[in-house]
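Chain by chain, the residues run as shown.
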Amino acid sequence: MDRGQSLIILLYLISLALQLVFGLINGQVPAVLMVGRAHYYEGHSIDQVTFPIRVFKLLGVDTVILTNAAGGLNPDYAVGDIVLLNDHIFLAGLAGIHPLRGPNSEEFGPRFPPLSDAYDLELRRHTHEIWKALSQPQKRRLHEGVYAFVGGPSYETRAECRLLHQLGADVVGMSTVPEIVVARHTGLRVLAFSLVTNTAVLSPAPRGDDSLVQGKDAQELDAILQKGKANHEEVLDAGRSAAIDMQRIVTRLVSDVFKGQ
């Protein structure tokens, strides 16, 4: 990149309220960390959301590791579990809200990139090996699963959760997939983690003529509806409690796999 391009990129990142931090992981492996993330639900376009990935490509990055908070659709998942993504469902992309829509940037990648190999198998294998090697007893479990992207910012309804689960999704969230699509378009290797911060409500809403709700006052009826409801503060708390474990996995992975490259 020349100085003019660098200045334009810097100004664009500032407009998205994003920062890039450059450094060494474990004092050995060069890395770029993105502080903050632009979400589609914040009003950014899908192109703006994925812009940093192309910046990484221009900087010479060859692998991206993404993390997110997600709702658990799989009944076997518990709050605090970590899900290593091995596939995704991009309903918005299928409907045309797609980061590669429009003229193709040939300098980045092909017109029709495949995504059947989106989630790097070698990196996933190493992650499982690292997880097993961690010495202290695990407070949480590591799974592999499918992530469903939704636009947000509202959390999903019960019917939407059941639909996504029936389609094959294990977790659902409002980020990550657009960036992964662009990362694969540019030839970057991808590893992605979801932290289960809440469990989705899959049971249908109680009917108004259900015998179980008859004779209940307004407070009791509200308590029935509140059961399992997603709470943003609880999502944040779960994320903070798992941050250390996530950092340990990523730090060990980067040190083991990329040392000396």
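Residues numbered from 1 in each chain as written. Predicted model: local features only at pLDDT ≥ 70, side-chain atom pairs only at ≥ 80, totals over all residues. Heavy atoms only, no water.

### A look at helix α5 (residues 158-167)
Cut-off, in case you're wondering: Partly exposed describes any residue whose relative accessible area lies between the buried limit of under 20% and the exposed limit of over 50%, with all areas from a 1.4 Å probe on protein chains only and scaled to the type maximum. Only DSSP runs of H or I covering at least 4 residues are called helices, and only runs of E covering at least 2 are called strands; the numbering of each starts at the N terminus. Directions are taken from the helix axis to each C-beta atom, and the arc is the one they span.
Considered for burial, the residues of α5 that qualify are Arg158, Cys161 and Leu164. Down the axis of α5, the sector holding all buried residues measures 130°, keeping them to one side. Taken from the residues just after α5, Gly168 is the one with a positive phi, measuring 115°.

### Some points on the packing of helix α2 (residues 46-58) against helix α6 (residues 177-185)
In plain terms, the rule: Only C-alpha atoms enter the line fits that serve as axes; for helices the fit covers just the stretch in contact. Angles between N-to-C directions range over 0 to 180 degrees. Each angle is binned into one of four classes, with values under 35 degrees roughly parallel, values over 145 roughly antiparallel, values of 65 to 115 roughly perpendicular, and all other values oblique. For any helix crossing, the convention is left-handed if the near helix is rotated counterclockwise from the far helix by under a right angle, and right-handed if that rotation is clockwise. Throughout, a contact is declared for two residues whenever any of their heavy atoms are within 4.5 Å. Polar here means any residue other than Ala, Val, Leu, Ile, Met, Phe, Trp, Tyr, Cys and Pro, which are nonpolar, and Asp, Glu, Lys and Arg, which are charged; Gly is therefore polar.
As a packed pair, α2 and α6 sit with axes 9 Å apart at the nearest point and diverge in direction by 45°. Relative to α6, the element α2 lies oblique. Handedness of the α2/α6 crossing: right-handed. Here Ile46, Val49, Thr50, Ile53 and Arg54 of α2 come into contact with α6, specifically with Pro178, Glu179, Val182, Ala183 and His185. A per-class count over the contact of α2 with α6 returns six nonpolar, two polar and two charged.

### Re empty space enclosed by the protein
Over the atoms, a rolled probe matching the size of one water molecule traces out where space is still vacant. Stated formally: With a 1 Å grid spanning the protein atoms alone, the term cavity applies to any set of points in which a 1.4 Å probe fits but cannot get out, the term pocket to an open set with protein on both sides within 12 Å along at least five of seven lines, and the term lining residue to any residue with an atom within 4 Å of a point. Grid points are joined across faces, edges and corners, and a volume is the space filled by probe spheres set on the points.
Counting across every chain of the model gives one cavity of 30 Å³ or more. Volume-wise, the largest cavity comes out at about 30 Å³. If you go around the largest cavity, the residues you meet are Ala38, His39, Tyr40, Val49, Phe149, Met174, Ser175, Thr176, Pro178 and Glu179. When the residues that make up the lining of the largest cavity are grouped by side-chain class, the tally is six nonpolar, three polar and one charged.

### Points about unusual backbone geometry
Here Gly152 and Pro153 are connected by a cis peptide whose omega angle stands at 5°. Tracing the backbone shows Pro153 in the loop between β5 (142-149) and α5. Despite not being glycine, Asn26 shows a phi value in the positive range, around 55°. Of note, Asn26 is situated in the loop between β1 (19-25) and β2 (29-35). Unusually for a residue other than glycine, Thr176 sits at a positive phi of about 80°. Structurally, Thr176 can be placed in the loop between β6 (171-173) and α6.

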